[in-house]
Amino acid sequence: MMKNIIKNKYIGLMLIAGLVSMTSCEDDNFNHSPSGDKPIVSNVGATTLTITEGSTATIDLSISSPISREGYLRFRPVSGNADFSDYVIGDGEKIDYANGEDPYHTGGPEGYIVKVPAYSGSISIPVEAVFDVTPEGNESVTVVLETYNNRELLVNGGGITYTINITNYVSNELDITFAWGDEYCAVDFDLELYDGSGSTEIVHSWGGCPEFIYIGTSDITTADDHENGALADGTYVIFASMYSLSGQSFNPPVNFPVTLTVTKVGQIQEVIDLGTHWNSVDGGYAQGNPDYAKIYLLTKSGTTYTLVDYETMETVFQG
Ligand SMILES: [Ca+2]
Ligand SMILES: [Ca+2]
Ligand SMILES: [Ca+2]
């Protein structure tokens, strides 16, 4: 009984507040657009984008009547084999239920969210095809542009469909990635590139997990983490090692799941399994393990790279 009285009182107060605010609306001259007059967002550029990995294109929109409030739009993927790791729309903000993300707590399907600033008459939204070295087929995704969250903006026709085609990046650059399992990142492995004598370091990768060296097309000037540059034709030394267990102990002992992945960017990739070379008992250099490194000879001849296992003299990569 008491509950009902309170509830009725509350509703009564709400009605009075509503009447007051309606009255005050009629008293001023501010033009409140009925919902049918909300700004309409229209496409003004291409609706099919073809973008090479590592490059960016734009989706260009016009907004029919700029408003004093920010609005939100969503690009909702509806089909295709490219996922959020392959392309980024806007500044990358998204709802992604697979990873428990919903920044506006509004529910609804997954997609990239773009904020349209107040007073915008147009907006140009970047679409980035994410760079990777992996040789792969072309990727594609179809997304639908829709209003989102506060629904201050309406999209022409209720939605605009865009097709984003992602072209595999291909080059004569070489990527060498040395990985030992994300769960063992506290253990310190290192990757280094030396000249043919094995005594002068050209470049090293010491601070990552995985470590990688990228041999690009510009000149190397200083030895630094991952720095890329062109190499003159000749033979070089790749030195892949465990520096230290870094105080980590493992019970039971483990073989670290080490791989050396050699990729002629976008073209040829070889994953060399080194899963039996390093373990938690023998450790690395700092633990006095004499077999703490794997050594390879890397020969560059024009745009062809050959990697030979120094122990067995077996060719493990050519491309
Ligand atoms: Ca890709
Ligand atoms: Ca690729
Ligand atoms: Ca390291």
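First, a word on what this report is: a plain description of the structure on this page. Predicted model, so just to flag it, every value in this text is computed and none were measured. Residue indices follow the written sequence of each chain, beginning from 1 at its first position. As they are written, the chains are lettered A onward and the ligands numbered 1 onward, keeping that order. Where totals are concerned, whole chains, interfaces and linings use all residues; where local detail is concerned, this predicted model gives features only for residues with pLDDT of at least 70, and gives and counts side-chain atom pairs only at 80 or more.

**Quick word on the overall build of the protein chain**
Right, so step 1: Counting from the N terminus, the helices are DSSP H or I runs at least four residues long and the strands are E runs at least two residues long. Each helix and strand in the protein chain was counted, giving one helix and 21 strands.
Right, so step 2: Residue burial is a threshold on neighbouring C-beta atoms within 10 Å of the residue's own C-beta, all placed from the backbone, with 20 or more meaning buried, 12 or fewer meaning exposed, and counts in between meaning partly exposed. Among the 319 residues that make up the protein chain, the fraction classed as buried is 24%.
Right, so step 3: Any residue pair is listed as a contact if its two C-beta atoms, each placed from the backbone, are within 7 Å. Taking the contacts inside the protein chain whose residues are at least 6 apart along the sequence as the reference set, 66% of them involve residues at least 24 apart.

**A word on the nonpolar core**
Right, so step 1: In terms of nonpolar packing, the biggest core is built from 30 residues, with I176, F178 and I238 touching the most fellow members.
Right, so step 2: When residues of this core are traced back to their parent elements, those giving at least two are β12 (174-179), β13 (188-194), β15 (211-215), β16 (234-244), β17 (259-264), β19 (293-301) and β20 (304-309).
Right, so step 3: Of all the elements, β16 adds the most residues to this core, at five residues.
Right, so step 4: Leaving out residues up to four positions away in the same chain, F178 has contacts with F189, L191, P210, E211, F212, A240 and L260.
Right, so step 5: One finds I59, L61, V114 and V116 within the second-largest nonpolar core, a separate group that totals 22 residues. For this entry, the nonpolar core is defined as buried Ala, Val, Leu, Ile, Met, Phe, Trp, Tyr and Cys residues connected by C-beta atoms within 7 Å.

**Some remarks on the sheet that holds β17**
Right, so step 1: The rule for pairing is simple: two strands pair if DSSP sees at least two bridges between them. On the basis of which strands lie adjacent, the open sheet formed by four strands has the order β15-β12-β17-β18 and antiparallel pairing. Of all strands in the sheet, those with a lone pairing partner are β15 and β18 (268-273), marking the two edges. Between one strand axis and the next, the sheet turns through 10 degrees on average, direction left out of account. Axes here refer to lines fitted to C-alpha atoms; in helices the fit is confined to the stretch in contact. Angles between the N-to-C directions go from 0 to 180 degrees.

**Quick look at the pairing of β18**
Right, so step 1: When β17 meets β18, the two strands line up antiparallel, connected through six bridges. When the bridges of β18 are listed, T261 appears paired with V271.
Right, so step 2: Between the antiparallel neighbours β17 and β18 lie three residues, among them G266 with a positive phi of about 75 degrees.

**Some points on the pairing of strand β3 (residues 56-63)**
Right, so step 1: Direction of pairing for strand β1 (residues 40-43) relative to β3: antiparallel, over a ladder of three bridges. Bridged to S42 within β3 is S62.
Right, so step 2: Both β3 and strand β8 (residues 122-129) contribute to a ladder of seven bridges, which runs antiparallel. Residue pairing in the sheet places T56 in a bridge with E128 of β8.

**Things to note about the sheet that holds β13**
Right, so step 1: Taking strand neighbours across the sheet as the criterion, the six strands line up as β14-β13-β16-β19-β20-β21 in an open arrangement whose pairing is antiparallel. Each edge of the sheet is formed by a strand with only one pairing partner; in this case those strands are β14 (201-205) and β21 (315-318). Taken pair by pair, the neighbouring strands of this sheet meet at an average axis angle of 20 degrees, ignoring direction.

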